[in-house]
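Geometric and topological summary
Each chain, letter by letter, is given below.
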Amino acid sequence: MSKQDILQDGHGRRFYYLRLSVTDVCNFRCDYCLPDGYKATHQQPDLSVAEARTVMGAFAQLGTRKVRLSGGEPSLRKDLPEIIGAAKTTPGIRRVAVTSNGYKLPSVIDTWHQNGLDQLNISIDSLDASEFAQVTGHDCLPKILTGIDRALELGVQTKVNAVLLSDGAQTRLQQFLHWLKTTPVTLRFIELMQTGDNRNYFASNHLRGSEIEQQLIENGWQLLPRAIDAGPAREYVHPEYAGRIGLITPYSKDFCNSCNRLRVSAQGKLHLCLFSDAGLDLRDTIRTGDADALAGKVRTLIGNKEVSHYLQQGNTGGTQNLSIIGG
């Protein structure tokens, strides 16, 4: 496939990476996302395995190389291994990833791996078990860490996502650094993002990732080159650490210039940005099973993609919480 065939928007950005949500249901109650727990906001069924296959086939035609299955919490779908397998066997897809809270990880990671999982992202905002339970509503950190150990044994590339929160940030950083000395994972610090539901929480807890990044640079961490199908993190390495550190800083200048990913919700809506005002409904085309027609529709709709998410101006679009479309 030539560069001319790769899906491209009106701002010259090319898209190699699809984030496909398989459910918006989540069993955690994280303070910054669903503090009161999940509440259904629609009656639409989630995409079936066949529909997910059609979506991935269409995006592969458009140059997608990597598919990330997200949620909500994707492990709540019993047929997730089938969706992983569908992604792995889609011509053109080179990497299949899952983002999960890890609650069921020890019991499912072997099956995910057998069906073709290449990369795993697990959300852990604190390595202090009591603080983890306070943030998520679940006292299960040791079980999740056991699941991560098994993923590493299987050779699954593993990343850990941690939302940056201002209170106690330095203590959590030191705990993570101690862990990364001997644990070969990539820890990704993600700036807290304002959504429709968390405005007050955001105002009280937002910490700029640049503060942590400067501290890392001063302590000898070195920036790695970024792959064309990589996520938005800037990744750093240090010769004395087995693990890496990435930073996702959506409030930084020019963050959107390197955007290379599109999102499809579990209800079959195309989100040109995490903070779009609304998803663009693809469900009728998806149901036909015609990947060619779906690819054509996506190629037409990409012209509507904005140059920025405008988070700096307080825009949150239609994103009430991140479980809706998987972050």
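Reference entry: report on the structure contained in this document. Counting restarts for each chain, with residues numbered from 1 along the sequence as it is written. Local features in this predicted model are restricted to residues of pLDDT 70 or higher, and side-chain atom pairs are both shown and tallied only at a pLDDT of 80 or more, whereas totals for entire chains, interfaces and linings draw on every residue. In computing side-chain properties, one takes all heavy atoms of the structure into account and sets aside hydrogens as well as water.

1. Observations regarding the overall build of the protein
Selection criterion: Helix and strand definitions here come from DSSP, where helices need a minimum of 4 consecutive H or I residues and strands a minimum of 2 consecutive E residues; each element is numbered from the N-terminal end. With C-alpha atoms as the basis for the radius of gyration, the globule rule is written as 2.2 Å multiplied by the number of residues raised to the power 0.38. When accessible area is computed with a 1.4 Å probe and restricted to protein chains, residues below 20% of their type maximum are described as buried, those above 50% as exposed, and intermediate ones as partly exposed. Residues count as neighbours in contact if any of their non-hydrogen atoms are within 4.5 Å of one another. To measure how exposed things are, a 1.4 Å probe is used in the Shrake-Rupley method; for residues, cover is taken only from the protein chains shown. When charges are counted, Lys and Arg contribute as positive and Asp and Glu as negative, whereas His and the chain ends are disregarded. A charged residue contributes its charge at one atom only: NZ of Lys, CZ of Arg, CG of Asp or CD of Glu.
On a plain count of helices and strands, the protein comes out with 10 helices and 12 strands. For the protein, the C-alpha radius of gyration of 19 Å lies close to 20 Å, the compact-globule estimate for 327 residues. In terms of its C-alpha atoms, the protein occupies a principal-axis envelope of roughly 50 × 40 × 40 Å. When burial is assessed residue by residue, the protein has 55% of its 327 residues classed as buried. Relative to all contacts within the protein whose residues are 6 or more apart in sequence, the contacts with residues 24 or more apart total 72%. Of the roughly 13,900 Å² of accessible surface on the protein, 48% is carried by carbon and sulfur atoms. Between the centroid of the 36 positive side chains of the protein and the centroid of its 34 negative side chains there is a distance of 5 Å.

2. Overview of the side chain of H238
Note the following rule: Residues adjacent in sequence count toward polar contacts only when both atoms are side-chain atoms; beyond that, a polar contact is any pair of N or O atoms within 3.5 Å, and within protein one must be able to donate a hydrogen and the other to accept it.
Along the polypeptide, H238 turns up in the loop between β8 (234-237) and β9 (244-248). Judged by relative accessible area, which is 11%, H238 ranks as buried. A distance of 3.1 Å separates the side chain of H238 from the backbone oxygen of N219, its partner in a polar contact. Residue contacts for H238: discarding those within four places in its chain leaves N219, G220 and W221.

3. As for helix α1 (residues 49-61)
Test applied: A helix is expected to span 1.5 Å for every residue after the first.
Here α1 contains 13 residues, and its C-alpha end-to-end distance of 18 Å stays within 8% of the 18 Å for a straight helix at 1.5 Å per residue. The buried fraction of α1 amounts to 10 of the 13 residues, a majority that puts the element mostly inside the structure. Residues V49, E51, A52, T54, V55, M56, G57, A58, F59 and A60 constitute the buried set of α1. Positive phi appears at G63, one or two residues downstream of α1, with a value of about 105°.

4. Observations concerning unusual backbone geometry
Put simply, G71 and G72 share a cis peptide bond, and its omega is 25°. By the secondary structure assignment, G72 is in the loop between β2 (66-70) and α2 (80-88).

5. A look at helix α8 (residues 209-218)
Short version of the rule: As used here, the arc is the angular range of directions from the helix axis to the C-beta atoms.
Within the sequence span of α8, burial applies to G209, I212, E213 and L216. End-on view of α8: buried residues confined to an arc of 100°, all on one side of the axis. Residues E211 and E218 are exposed on α8 and point more than 90 degrees away from its buried face. In this fold, the buried residues of α8 make contact with β5 (157-164), α6 (169-180), β6 (186-191), β8 and β9. Backbone geometry just downstream of α8 places G220 in the positive-phi region, at approximately 95°.

6. Some words on the pattern of salt bridges
This is how the line gets drawn: In the sections that follow, a salt bridge refers to a side-chain nitrogen of Lys or Arg positioned within 4 Å of a carboxyl oxygen of Asp or Glu.
Evaluated as defined, the whole model comprises 13 salt bridges. R244 serves as the salt-bridge partner of E235, at 3.6 Å between the closest nitrogen and oxygen. Residue classification places E235 among the buried positions, given a relative accessible area of 14%. Taking relative accessible area as the criterion, R244 reaches 37% and is therefore assigned partly exposed. As a salt-bridge pair, D284 and R287 come within 3.8 Å of each other at their nearest N and O atoms. In this pair, D284 and R287 both sit in helix α9 (residues 283-287), 3 residues apart, roughly one turn of the helix. Classification of D284 as exposed rests on a relative accessible area of 60%. In this structure, a network of salt bridges that share partners links the residues E51, R283, D284 and R287.

7. So, the nonpolar core
Basically, it comes down to this: Put simply, buried Ala, Val, Leu, Ile, Met, Phe, Trp, Tyr and Cys residues joined by side-chain atoms within 4.5 Å make one nonpolar core.
Counting 91 residues, the largest nonpolar core has W112 and F189 as the members making the most contacts within it. Take this core: its biggest share by element is 7 residues, from α1. Beyond its immediate sequence surroundings of up to four residues, F189 is in contact with A162, L164, L173, F176, I212, I245, G246, L247 and I248.

8. Structural notes on the pairing of β6
Two faces, one strand: in a regular strand the side chains alternate between the faces of the sheet. The following threshold applies: When DSSP finds two or more bridges between two strands, those strands count as paired. By definition, the crossover connecting two strands over a helix is right-handed if that path, from the first strand to the second, turns clockwise as seen with the strands pointing away from the viewer.
Across the 6 residues of β6, 6 count as buried, placing the element largely inside the fold. Here β6 shows two buried faces, one formed by T186, R188 and I190 and the other by L187, F189 and E191. Bridge analysis of β5 against β6 gives 6 bridges, and the strand direction is parallel. Pairing of V160 across the sheet is with L187, part of β6. As a crossover connection, the stretch from β5 through α6 into β6 is right-handed. The sheet contact formed by β6 and β9 spans 5 bridges and is parallel. By the bridge assignment, F189 is partnered in β9 with L247.

9. Some details on the side chain of H138
Among the secondary structure elements, H138 is positioned in the loop between α4 (129-136) and α5 (141-153). Residue H138 is classed as buried on the basis of its relative accessible area, which comes to 16%. The residues touching H138, leaving out its near neighbours within four places in the chain, are N27, F28, Y103, F132 and A133.

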